[in-house]
Amino acid sequence: MVEETGKEAKRPSLRRAQPQPMDVVEIGEMPRIVTGGAELDRLMGGGIMRGSIALVAGDPGIGKSTLMTELGRYVDPLTVLYVTGEESPRQVKLRAQRLGAATANVLLLAETDTAHILDAAEDTAPDVVIIDSIQTMYHPDVQGAAGSVSQIRECAAVLMRAAKAMNAAVFLVGHVTKTGSIAGPRVLEHLVDTVLYFEGDRHHGYRVLRAVKNRFGSTNEIGVFEMTGTGLREVSNPSEIFLAERQAGLSGSSVICSVEGTRPVLVEVQALVTPTSYGTPQRAATGIDPRRLQLLLAVLEKREGLSLGGHDVFLNVAGGVRLDEPAADLGVAASIASSLHDLAMAAENVLIGEIGLGGEVRGVSKLELRLRESEKMGFTRAIVPKISLQGLVPVPGIKIHAIESVSELLGLLG
Ligand code: TYD
Ligand code: MG
């Protein structure tokens, strides 16, 4: 009997969510806000989803507040509640004026208590809420200082519930520290719907905003911006800027085509290989994973007999971009060999392909897309994996040179 009562008591909570056949699940209308900021819209999967929560993360000073301020202008006349925990409303307004984004649809609130923020949100019914930054926020019922893991989690959870209840889009700004994760926004990645990471060197004018997670769109999509005196300017053709300073015919340089999300981008990969003066040879890489560099060096040594053990190797992806696609391998290997032997890669070539541990050239996806972008940027010959030729639709204006091994790649230098 007792057991029965127990079961009865539990039933209502079980009934709250009922399993539904997939075909009767209602999707409803996808309520996206198309901001008119083309790069941001594409990154978000075609506009900002109402009722969702996004994290905008990056190093201090990279441009998060700038982007969020511009968002206010993008979505005008929709109401934006801009909550600032770091700067005074005056500072935010001064920046907004500089950006031409001091529009009346943006309500400024200098507050760090999430309970007060929710009150303000209830009163003003905003379409977009910006929290700058999540590290400065606290929840009165939670122990610990603002910025601690428990505070960050709880504040984000509260704001997420509010986003859903109010059908507003919430943006959380989060600073990442160089050393990474401690109490940083990484603890939020699994919780939020979209994670946008700001990349790029503060010393370069270019900023890459990368969607590393998106419940409503493709991931690894990138948006490219240039930081100017009057804010972030959208760069609609990133290949152009990443190749802008290239000097054709130089040894140690080659051009690759990487696909970031749905967008192909041409980038120059530079290597400098010099004899080690003493001690252990140096290896340094900016823009690619240092472990990938080590691996490619090992392949070049073992399979091609390149004597890199007595050389320092420096690798740089021009423009401050970060590549994490293996299709960049051919370019990395070619630049290293080119610098070592002081033989240039012909300027008309674009290199596309992954290298395996056996020195074999492995296939890549979206080859046609890459070829079309290369053609657009004036390249006339593409070095591609032989295996990727199957079913490939030829692109007029681009000659194909298919290879199977690193040896064939090195044979192209000179
Ligand atoms: P900011 O958006 O405040 O960085 P974050 O919020 O990520 O910490 O941007 C800071 C840098 O951007 C700062 O060094 C100045 C520069 N900046 C410009 O170059 N032009 C501009 O129009 C603005 C607003 C900032
Ligand atoms: Mg800021």
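Residues numbered from 1 in each chain as written. Chains lettered and ligands numbered in written order. Predicted model: local features only at pLDDT ≥ 70, side-chain atom pairs only at ≥ 80, totals over all residues. Heavy atoms only, no water.

Caption draft 1: Summary view of the site of ligand 1. Ligand 1 sits among 17 residues. The nearest are G61, S65, T66, T228 and G231. Within the backbone of G61, an N or O atom sits 2.7 Å from an oxygen atom of ligand 1. Summarising the interface, the protein chains cover 74% of the accessible area of ligand 1, which totals 560 Å² for the free molecule. Within the residue set of the shell around ligand 1, elements represented by two or more residues are helix 3 (64–75), helix 4 (89–98) and strand 10 (221–228). No other element matches the 3 residues that helix 3 contributes to the shell around ligand 1. (Near = heavy atom within 4 Å. Polar contact = N/O pair within 3.5 Å; in protein donor to acceptor, adjacent residues only side chain to side chain. Areas by Shrake-Rupley, 256 points an atom, 1.4 Å probe, with all protein chains shown as cover. Helix = DSSP H or I, 4+ residues; strand = E, 2+ residues; numbered from the N terminus.)

Caption draft 2: Summary view of unusual backbone geometry. Here the residue pair D76 and P77 is connected by a cis peptide bond, since its omega of 10° sits within 30 degrees of zero. Topologically, P77 is positioned in the loop between helix 3 and strand 4 (80–84). At the junction of D132 and S133, the peptide bond is cis and its omega measures out at 0° in the coordinates. Even without a glycine there, the phi angle at A125 is positive, about 45°. Here A125 is to be found in the loop between helix 5 (114–124) and strand 6 (128–132). The backbone of D342 sits at a positive phi, close to 55°, despite the residue not being glycine. Inspection of the secondary structure puts D342 in the loop between helix 9 (329–341) and strand 16 (349–351).

Caption draft 3: Focus on the sheet that holds strand 8 (residues 194–199). Strand order in the open sheet formed by 9 strands is 5-4-6-7-3-8-9-10-11, with mixed pairing between adjacent strands. Each having just a single partner strand, strand 5 (106–110) and strand 11 (231–234) make up the two edges of the open sheet. Between one strand axis and the next, the sheet turns by 25° as a mean value, whatever way the strands run. Pairing of strand 4 with strand 6 involves 5 bridges; the strand directions are parallel. Across the sheet, V83 pairs through a bridge with I131, a residue of strand 6. Packed onto the sheet, helix 4 meets strand 4 and strand 5 and runs at close to 145° relative to strand 5. (Pairing = 2+ DSSP bridges. Axes fitted to C-alpha atoms, helices over the stretch in contact; angles between N-to-C directions. Contact = heavy atoms within 4.5 Å.)

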